[in-house]
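The primary structure of each chain is shown beneath.
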Protein chains: 6
Amino acid sequence: MRILLINPNTSDSVTALVAKHVETIAGDAASFVPVTGRFGARYISTRASAAIAGHAALDALATHGNGCDAVYLACFGDPGLLALREISDVPVVGMAEASCLEACRRGHRFAIVTGGALWRPMLTEFVASLGFADRLAAVQTIAPTGGEIAANPDAALSQLAAACTACFTDDGADVVILGGAALAGLAAQIQPMVPVPVLCSVEVGTHAAIAAAAKQFHRSEPPPALDSIGLSADLAKWLGQA
Amino acid sequence: MRILLINPNTSDSVTALVAKHVETIAGDAASFVPVTGRFGARYISTRASAAIAGHAALDALATHGNGCDAVYLACFGDPGLLALREISDVPVVGMAEASCLEACRRGHRFAIVTGGALWRPMLTEFVASLGFADRLAAVQTIAPTGGEIAANPDAALSQLAAACTACFTDDGADVVILGGAALAGLAAQIQPMVPVPVLCSVEVGTHAAIAAAAKQFHRSEPPPALDSIGLSADLAKWLGQA
Amino acid sequence: MRILLINPNTSDSVTALVAKHVETIAGDAASFVPVTGRFGARYISTRASAAIAGHAALDALATHGNGCDAVYLACFGDPGLLALREISDVPVVGMAEASCLEACRRGHRFAIVTGGALWRPMLTEFVASLGFADRLAAVQTIAPTGGEIAANPDAALSQLAAACTACFTDDGADVVILGGAALAGLAAQIQPMVPVPVLCSVEVGTHAAIAAAAKQFHRSEPPPALDSIGLSADLAKWLGQA
Amino acid sequence: MRILLINPNTSDSVTALVAKHVETIAGDAASFVPVTGRFGARYISTRASAAIAGHAALDALATHGNGCDAVYLACFGDPGLLALREISDVPVVGMAEASCLEACRRGHRFAIVTGGALWRPMLTEFVASLGFADRLAAVQTIAPTGGEIAANPDAALSQLAAACTACFTDDGADVVILGGAALAGLAAQIQPMVPVPVLCSVEVGTHAAIAAAAKQFHRSEPPPALDSIGLSADLAKWLGQA
Amino acid sequence: MRILLINPNTSDSVTALVAKHVETIAGDAASFVPVTGRFGARYISTRASAAIAGHAALDALATHGNGCDAVYLACFGDPGLLALREISDVPVVGMAEASCLEACRRGHRFAIVTGGALWRPMLTEFVASLGFADRLAAVQTIAPTGGEIAANPDAALSQLAAACTACFTDDGADVVILGGAALAGLAAQIQPMVPVPVLCSVEVGTHAAIAAAAKQFHRSEPPPALDSIGLSADLAKWLGQA
Amino acid sequence: MRILLINPNTSDSVTALVAKHVETIAGDAASFVPVTGRFGARYISTRASAAIAGHAALDALATHGNGCDAVYLACFGDPGLLALREISDVPVVGMAEASCLEACRRGHRFAIVTGGALWRPMLTEFVASLGFADRLAAVQTIAPTGGEIAANPDAALSQLAAACTACFTDDGADVVILGGAALAGLAAQIQPMVPVPVLCSVEVGTHAAIAAAAKQFHRSEPPPALDSIGLSADLAKWLGQA
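Residues numbered from 1 in each chain as written. Chains lettered and ligands numbered in written order. Predicted model: local features only at pLDDT ≥ 70, side-chain atom pairs only at ≥ 80, totals over all residues. Heavy atoms only, no water.

1. Thoughts on the overall build of chain A
Then step 1. For chain A, the helix and strand inventory stands at ten helices and ten strands.
Then step 2. On C-alpha atoms alone, chain A measures out to a radius of gyration of 17 Å, which is about the 18 Å that the 2.2 N^0.38 rule sets for 242 residues.
Then step 3. Its C-alpha atoms give chain A principal-axis dimensions of about 50 × 35 × 35 Å.
Then step 4. Buried positions account for 62% of the 242 residues belonging to chain A.
Then step 5. Split by element, the accessible area of chain A, about 8,300 Å² in all, is 52% carbon and sulfur.
Then step 6. The centroid of the 14 positive side-chain charges in chain A is displaced by 1 Å from the centroid of its 21 negative side-chain charges. (Helix = DSSP H or I, 4+ residues; strand = E, 2+ residues; numbered from the N terminus. Rg over C-alpha atoms; globule rule 2.2 N^0.38 Å. Buried < 20%, exposed > 50% of the residue type's maximum accessible area, 1.4 Å probe, protein only. Areas by Shrake-Rupley, 256 points an atom, 1.4 Å probe, with all protein chains shown as cover. Lys, Arg positive; Asp, Glu negative; His and termini not counted. Charge placed at Lys NZ, Arg CZ, Asp CG, Glu CD.)

2. Looking at the sheet that holds strand β7 (residues 136-142) of chain F
Within a sheet, neighbouring strands are paired by backbone hydrogen bonds and run either parallel or antiparallel to one another.
All names here are of chain F.
Then step 1. Read from one edge of the open sheet, four strands run β7-β6-β8-β9, paired in parallel fashion. In this open sheet, the two edge strands, each paired with only one partner strand, are β7 and β9 (198-200). The mean inter-strand angle of the sheet, taken between neighbouring strand axes irrespective of direction, is 25 degrees.
Then step 2. Direction of pairing for strand β8 (residues 175-178) relative to β9: parallel, over a ladder of three bridges. In the sheet register, Val176 faces β9, and the bridge partner there is Val198.
Then step 3. Across the sheet, helix α7 (residues 153-169) is in contact with β6 (110-115), β7 and β8; its angle to β7 comes to roughly 160 degrees. (Pairing = 2+ DSSP bridges. Axes fitted to C-alpha atoms, helices over the stretch in contact; angles between N-to-C directions. Contact = heavy atoms within 4.5 Å.)

3. Focus: the arrangement of the chains
Then step 1. Separated in space, chain B and chain E share no contact, their closest pair of C-alpha atoms being 14 Å apart.
Then step 2. Here chain C and chain F are not in contact; the least distance found between their C-alpha atoms is 14 Å.

4. Description of empty space enclosed by the protein
Then step 1. All told, the structure shown has two cavities of 30 Å³ or more when counted by the stated rule.
Then step 2. There is about 40 Å³ of room inside the largest cavity.
Then step 3. If you go around the largest cavity, the residues you meet are A:Val35, A:Thr36, A:Gly37, A:Arg38, A:Ala56, A:Asp59, A:Ala60, A:Thr63 and A:His64.
Then step 4. Here the residues of the lining of the largest cavity are counted per class, giving three nonpolar, four polar and two charged.
Then step 5. If you add up the space inside the second largest cavity, you get close to 30 Å³.
Then step 6. F:Val35, F:Thr36, F:Gly37, F:Arg38, F:Ala56, F:Asp59, F:Ala60, F:Thr63 and F:His64 together form the lining of the second largest cavity.
Then step 7. Listed by contribution, the elements that provide at least two residues to the lining of the second largest cavity are β2 (31-36) and α2 (47-64) of chain F.
Then step 8. Here the residues of the lining of the second largest cavity are counted per class, giving three nonpolar, four polar and two charged. (1 Å grid on protein atoms, 1.4 Å probe; cavity = no way out; pocket = protein on both sides within 12 Å on 5 of 7 lines; lining within 4 Å. Points joined across faces, edges and corners; volume = space filled by probe spheres on them. Nonpolar A, V, L, I, M, F, W, Y, C, P; charged D, E, K, R; others polar.)

5. Looking at helix α1 (residues 12-26) of chain F
All names here are of chain F.
Then step 1. The end-to-end C-alpha separation of α1 is 20 Å, in line with the 21 Å expected for 15 residues at 1.5 Å each.
Then step 2. Inspection of α1 places Val14, Thr15, Val18, Ala19, Val22 and Ala26 among the buried residues, and these make up the whole buried set. Viewed along the axis of α1, the buried residues span an arc of 130 degrees, placing them on a single side of the element. For α1, the exposed residues set more than 90 degrees away from the buried face come down to Lys20 and Thr24.
Then step 3. Where α1 is buried, its residues meet β1 (2-7), β2, β4 (70-73) and α9 (201-214).
Then step 4. Positioned one or two residues after α1, Gly27 has a phi angle of 55 degrees, which is positive. (Expected span 1.5 Å × (residues − 1). Arc of directions from axis to C-beta.)

6. Structural notes on the relation of the copies chain A and chain F
Here the two chain copies are tied together by a rotation about an axis and a shift along that axis.
Then step 1. Taken as rigid bodies, chain A and chain F are interconverted by a rotation of 180 degrees and an axial shift of 0.0 Å, the fit giving an RMSD of 0.0 Å. Read as a symmetry element, the transformation amounts to a two-fold axis. (Least-squares fit on C-alpha atoms with pLDDT ≥ 70 in both.)

This is how it looks when you write it as structure tokens:
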């Protein structure tokens, strides 16, 4: 099985970090094709950069998606998720959506912990858009952004553990998602310091992508062909097919 | 991997039917230990029978659960799910919960089709208890119960296909769950007659149970030991351990 | 009038405590038939014990319910309430449901205070299942369980009063339910220490049960007869009648 | 016990009709003091007339409320309910609120049937203001207004029965409230034609008012005294007391 | 353009204060006809005074509304808003509703700050009645009432600024409404002390009223004529016309 | 006043149509700077085209936004609205958001009618994202897309009128939004055939944009500067400024 791994920001180093973790988790179960966004922000931390990333993710699918069995959108916040799913012939798994679904299976009220304060309202709205607002106990962010945490993860561990624990003690969460590509692998490190299960969003998404690729998939009706200008040749062609 | 397959009603024939489907789906991925409820209704079709089945499912876990890597509660409606999860050392997957989570990944508004009119309010309340009411387009039931459908599936196919299609045309669902152990395998048969994806609840649950068994599992805090009377020796012992 | 008073846990001492309070409140208005669960936990404090208690309550109704004018399920959390109502020929009043309904009449946002930390999520979900989440200001629990409070109520009074007051000052509740059979009679004792009305769940339920027994009752359609195994002879017979 | 029965419209004939029904239901349990609004619409059928009726109900309480043990606001829609409750020293029962609470105890999803099309949005909003929107299956109105039905009830019976039945078959209600002072007593007449329980709002409110008057009542903090102009002397005096 | 400016309490000084602010904001864009309630509380601070004010607002419209192009109900809490809108031939703008709508355009989660603790539950319920509960971050009140703030605004500035800032830091609001006629003009003064935008409810309402008066207006179906007693001649006449 | 009028699809003819209507509505009140998306679909009718349009709208702002007093995003569905608002120094008005806010002021439950069936789920989700789901009565679409309606509006008039009327009779809407740039001006034509007010989204948005440009504007904290690649020079520069 071959799974397209889209990092919709434009940092090859983040793509490499995520790909390394994903491949370790996947083992022989699937091979991943990592691809970085062609345009947009180095790190996605604002609404504008997320909006652009939605376009970049579509572009990445059109350029590299042929022949894949599934798509893994590996940015916590899932920019462009529903649009990707609309035009893809194969299953599309979003890292944040998959994590929320798994959290719903693991506990009654879940929380999200990530880096970068601007993500708090964006992720709160994302969870609400899934219809899961009633199960969200809290979104807590720590000051360093995902990029900063990835650069120096050890410095962030105790902050992350404290935030996860506060989600339990203050907000009543019984499971916590450690969200973000840049936080890959940290959940296992902080689990001993946190009284409730901590989910690694990269890991949850990887398992979900492999599972989706393995199952038989009955696609919904594709949208009508679109006439467009100014897009990459691949994306224009992809959208131009009914 | 070894997965406890609990059929919480008391019909061995339903257990055998589900086990056959589950084993076909699982292949070599896991071995399943099928167990039938020791007491309760032959078929679960009312609130009273579902309440009793919650107890029967706990009893089945206590009697047969040691050494398993996961529990698959294979009755659409998931009687006793949260109680099982509370006392189990390994992951517990409910057929209806797993189907709803998968449906949320596959479409924006999902519907449930099953047999037996009394299930409609019960399943509507179940979905609401998951916090997913905003994503439920409809619950539609056909007149024959699950037991009657299992006895004569061919007779029900066109009714089921019509109900699934109505969920799309009348209720706006973009994915439909064919719910119930007794309907195992029928989704694939009616898919060609339905314009949106149809999920088989038995199959979705099987995949979810295997996936849960394969992942590392950090258990939530177990509940305190309970003193009890009148329960089976196994259940009393299980609950009596902190 | 004769009202079946079901204590669905298996502690005769709790049944006696509740019966004493109920009979004092009722005076000549009705006579109560107290019955204790035949099997299950001594005290209900977890999801598993509540699930078993749902079965035990059905069993109690089938064994002792003939000839009663109403049923009073006297365990705050109401295990088996909807299943009892489904199979009963007479009105069924749940202690927690009745308390929530009365609280809605008395204030705009109500809170629940009880003993035992595990009840917090269970009662929050119970209120949500009633559709009353928007009117719930808080569920606050104090550390001793209901059983411990019943054994030494004086020690708990100031803790309970403080929790009730915090529901007003911190959570904006304008009425508080003191929930639980084991807390019978304590509401009146702490009322002088609390700035908003405090309802005694045992008392509210008693009045509701008497009122229900006194009114003419048009029963909803009974469920179909169920074939079963392994149940008490009384319950099997009760469920086996259409 | 003495209960103030407020009809907040200005039709003495409606007051007399309701009082007759209420007294029959109450028997010796309580005596009722019927009072008609001093100003406002003959029949309340619009938002403007309901707004004026809120003031008229307060005026009636101030003029006639001294010495009563409870207040029964006998207009389905409960104009001024929360304001009455704020300034009253004794419990206040609203006919619509009491009916909705009773309906929640009797079924899982309730419907309201009444006369006069303009009540539909008003009652839908009223139920939402109670926080009970999730349990409301439908509000159905028939063309004649409450006043017209009271004048010629026999003509309306089959229309009312058809509307109640449609609430079950089309909207999934398992209990129906026949709402409105002018419909007093009709529920029993149409019950044989309707497959689910039909509640008479006048009767439910009467029982609730008697029950409220009989219980010990701990009043919430009264509001501060208000300085006013242009009100009746009684109302000005009542509001002017802290 | 001529806009009726209704102050539904009975304090001419508040009317004058609001009118002065409104006229400064409006400049030449419209002329305002200020009118004070004929009866009711000097200051509206309780549910009873708000209920009476609903009637007073209708009375003011009937007496002074002829020939106006719009109605501006200038009391934060909007007593009688929907009833006014029902019977008015021209657009009706409520100060609180207009402020909430503008706040929704300016931020994702808004808060309200005003004077007088009793307004907190009333405004929370008002926002819920608009269907905007999901966007309300908090209602915070400071101890002095609106009337006291109007009498000595400088003393309240730092309290108001602190409350507005707390709405951002503690409750996550990204825009704050300073609500109440008596707080006219204070938003601009505290804006430099608050990290998120602060809206003046008087100003927002004024702009909304002018905009509504300027646009073409297609009125909804008027309600049927009402027969009434005991109302002012103007109101009786207004309601008596179909 | 100078207002940037962004048409985020790539059809100059749609831009010209909208600009003509907007300028007629605005008269001397403001001058509009119309701009068409540089890349993306000719007509936005799918999730993918809307996602790309969010990027195109940001690009248009960065290229043409300097010196404007407000931004009017003139595509019903408002692609990129929150991202535009995040990075803009001046108010941003979305056509759909402005229409929903106005509809909330005009009626209690509003409906949306537009062209193109795929918009139905997208607009339902959009309204939910505003938190206004409780006030949405229905989204009804007619078969021709916006582009087809613009090409031959007369043919669509009776279909649109029928859909608007059905929103009232079937869905209980008391105000209807005719949504979409391509439907500019049709609301006035169908109003005589529809029993409730019909709002023209282009007109409502124009008034809202002018009003926003005229008011003093206190901007929220701007986001941090972003490092990016592959964007237009203008957009990269705009995002690169703190």
